[in-house]
Structure formats: C-alpha cells, structure tokens
Amino acid sequence: MENLASPHGGIWTTKDLLAAGWGQTEVRHALTAGKLTRLRKGWYADGGADEETKRAVRLGGVVSCVSVLKREGVWVPASSDLHLRFSRHYSDRSLPSGVVRCRPLHGPERAPVAAVDDLGFAVRAAWYCLSSEDFVVAADSLVNLKKMTKGDISCALGRGDRFERVLALCAWAESGTESLTRLRLQRHGVLLQTQVQIGQIGRVDLLVGERLIIEVDSRAHHTGEENYRKDRERDLQLRALGYIVVRLTYEQVMYRWDEVEPLILAMIRRGDQWWASRRRRLVA
C-alpha cells in the first residue's frame, strides 16, 4: 500500500484494488497486516481515511449533500449532522441519531462509486436539505470560493422555473452572514448593492440607497485586535465622507435578527440611506 494512493481519500472499493493490480491474496495479506480495514462488502479503508468517511461507508452510504459542502469550506447552517447518500436499493432501516439520508434531484439515485460525492451531486442533494434561503447562501459561497460558477450550479440543478427563481437571488458576497442579511432585507423590498467600491477606502458589503452602509462580520473574519482596529479606522473614514455605517456581528445575524431587523428598517423608512438634499426633496 505504501506505493499506492487511494483515488478516494483512503477508501478503496474492490474495483479500485483490481485496477491497481491487487488480487484476493494481496487483499488478505493487507487485512492481516492491518494495512487495510474492511468497512463493508467490497469497501476498504487504509490508514489515510478519516473517521467520518469510514463511518459513512460502514453504514452503507457515502458522504454527500451538506456534509460535502461543509468539507469544501462552503457556508452551510451550523449542524453536526452527517449527510449520507445511499443506493436506491438501500433498506430504509432506522439510521443512528445525527445521520441524515439525502436524496438528490432527478432520480433514480446512481449507485455510489466513491466514498465522497462530487460537488455537483452534493448540490443536487442539498436542494432538498436546505431551505431556499440557505441554498442561495451556499450558492453565493460556492461562487465566492471559486468552487463552482453560477452556470455550474445551474447545470447541476437542471432546467426549471423554481431553480431559476432561486439562482436569480444569488449575488457576490464574501460571507454567509452577508448573504443572509441581503436576502432578509430584500424580502422587505429594500434596494441595495453588494460589494460596492467606495473611493480609495475599499469595498463595502452592502450599500442601501446612497449612503447607508451595512458591514457584516462573519464568524471567521474580523476577529483579533488588528482586524478590529482596521475595521474601526475604515468606519471612521466612511463617516467622515458622510456615510452612515452599521456593523453587524455574526451573533446578531444568526441569533438576534428579530431584534436587529426592525432597527435597520426604521432607519430606511426614515430615509437615512439618502443624502440630505434628496431627503428634503422626498419630504417636500
């Protein structure tokens, strides 16, 4: 095994081993020596396989859907659930707590040939497991990370008005919390722009109207003393130019939105997003 690399992250099928020139004798020797572990009939693991993938195969499935997106660094709702896909012949016996059976769009389900589904197949499965809002956020993240283009996602989903309506909501975003904030405000008819360049200061997350800037911190970014300092310096520069800056934390977007949303909408109803000259015209 030392000179061979598994095509699937440490997981081997009988077909993989045969393609590598292994016979039954070599497999038995590797099992005896502890270089291979039998996970289920026709599936084996070497020392490079991770525990989550081995568990998936032992249960009769493969890692798919939200769990694949999470592995790729794509934004998905926080959860410890393991999303697995099984062949259509799999008996729907009770699965352990924390394991979700996923079914992709456009069945019938193909038989798993790798221990981890590819991104396109994972996206097809995630359509059913994520809400429309969370799917848009995941799609934004896929594009931002350059894992897939919007066209790739569209091809994975196939044709259909329902898919087109959801993908039409996708936009350039650098974090999941930014996407969530955008979508939630757009539901109220708020017109905004994403990733807008403001002079030499740089891009801002969301610009409502002419001057209301909403900066949205993700869980991974804007932490640490240095980032904190830079963010506040930038906010001060924007305020000096006349902009109103609202900075939202990860916790506010994810867990306290019901408190935050009315405050932002109150600012918008008051016309804070417009320069003073325009506000006077609107009032007049």
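Parameters at a glance
- Residues numbered from 1 in each chain as written.
- Predicted model: local features only at pLDDT ≥ 70, side-chain atom pairs only at ≥ 80, totals over all residues.
- Heavy atoms only, no water.
- Helix = DSSP H or I, 4+ residues; strand = E, 2+ residues; numbered from the N terminus.
- Rg over C-alpha atoms; globule rule 2.2 N^0.38 Å.
- Buried < 20%, exposed > 50% of the residue type's maximum accessible area, 1.4 Å probe, protein only.
- Contact = heavy atoms within 4.5 Å.
- Lys, Arg positive; Asp, Glu negative; His and termini not counted.
- Charge placed at Lys NZ, Arg CZ, Asp CG, Glu CD.
- Pairing = 2+ DSSP bridges.
- Phe/Tyr/Trp six-rings, centres within 6.5 Å; stacked < 30°, edge-to-face > 60°.
- Axes fitted to C-alpha atoms, helices over the stretch in contact; angles between N-to-C directions.

1. So, the overall build of the chain
Stage number 1. What the chain contains, in helices and strands, is 13 helices and ten strands.
Stage number 2. A compact globule built from 284 residues should have a C-alpha radius of gyration of about 19 Å, whereas the chain, at 24 Å, is more than 25% larger.
Stage number 3. By residue count, 48% of the 284 residues in the chain fall in the buried class.
Stage number 4. Across the chain, the fraction of contacts at a sequence separation of at least 24, relative to all contacts at a separation of at least 6, is 56%.
Stage number 5. Looking at charge distribution, the chain has the averaged site of its 43 positive side-chain charges lying 4 Å from that of its 35 negative ones.

2. What about the sheet that holds strand S6 (residues 99-101)?
Whether parallel or antiparallel, the strands of a sheet pair through hydrogen bonds between backbone atoms.
Stage number 1. Strand order in this open sheet of three strands is S4-S5-S6, and the pairing throughout is mixed. Strands with a single pairing partner mark the edges of an open sheet, and in this sheet they are strand S4 (62-63) and S6.

3. Structural notes on the packing of aromatic side chains
Stage number 1. Tallied over the full model, the rule gives four aromatic pairs.
Stage number 2. Look at Trp127 and Phe135: their rings are 5.1 Å apart centre to centre, the planes differ by 75°, and that puts the pair in the edge-to-face class.
Stage number 3. Between Tyr250 and Tyr255 the ring centres are 6.3 Å apart and the planes differ by 75°, which places this aromatic pair in the edge-to-face class.
Stage number 4. We classify Tyr250 as buried; its relative accessible area is 8%.
Stage number 5. Accessibility expressed as a relative area gives 57% for Tyr255, which makes it exposed.

4. A few points about the side chain of His83
Stage number 1. By the secondary structure assignment, His83 is in strand S5 (residues 82-85).
Stage number 2. With a relative accessible area of 8%, His83 lands in the buried category.
Stage number 3. When sequence neighbours within four positions are dropped, the list of residues in contact with His83 reads Val62, Val63, Ser64, Cys65, Val66, Ser67, Val100, Cys102 and Cys129.

5. Comments concerning unusual backbone geometry
Stage number 1. Even without a glycine there, the phi angle at Cys65 is positive, about 55°.
Stage number 2. Looking at where Cys65 falls in the secondary structure, it is placed in helix H4 (residues 65-71).
Stage number 3. Positioned with a positive phi, Gln195 is a non-glycine residue whose angle comes to about 50°.
Stage number 4. With respect to the helices and strands, Gln195 occurs in strand S7 (residues 192-198).

6. Digging into the pairing of S7
In regular strands, side chains alternate between the two faces of the sheet.
Stage number 1. In terms of residue burial, S7 counts as a mostly covered element, since five of its seven residues are buried.
Stage number 2. The pairing of S7 with strand S8 (residues 202-208) spans six bridges and is antiparallel. Within S8, the residue paired with Thr194 across the bridge is Leu206.
Stage number 3. Two successive antiparallel strands, S7 and S8, enclose a turn made up of three residues, where Gly199 displays a positive phi of approximately 50°.

7. Section: the sheet that holds strand S3 (residues 43-45)
Stage number 1. Strand order across the open sheet formed by three strands is S1-S3-S2, with antiparallel pairing between neighbours. The open sheet has two edge strands, strand S1 (11-13) and strand S2 (37-40), and neither has a second partner. Between one strand axis and the next, the sheet turns by 35° as a mean value, whatever way the strands run.
Stage number 2. Bridge count for S2 against S3 is three bridges, and the pairing is antiparallel. Along S3, the bridge assignment pairs Arg38 with Tyr44.

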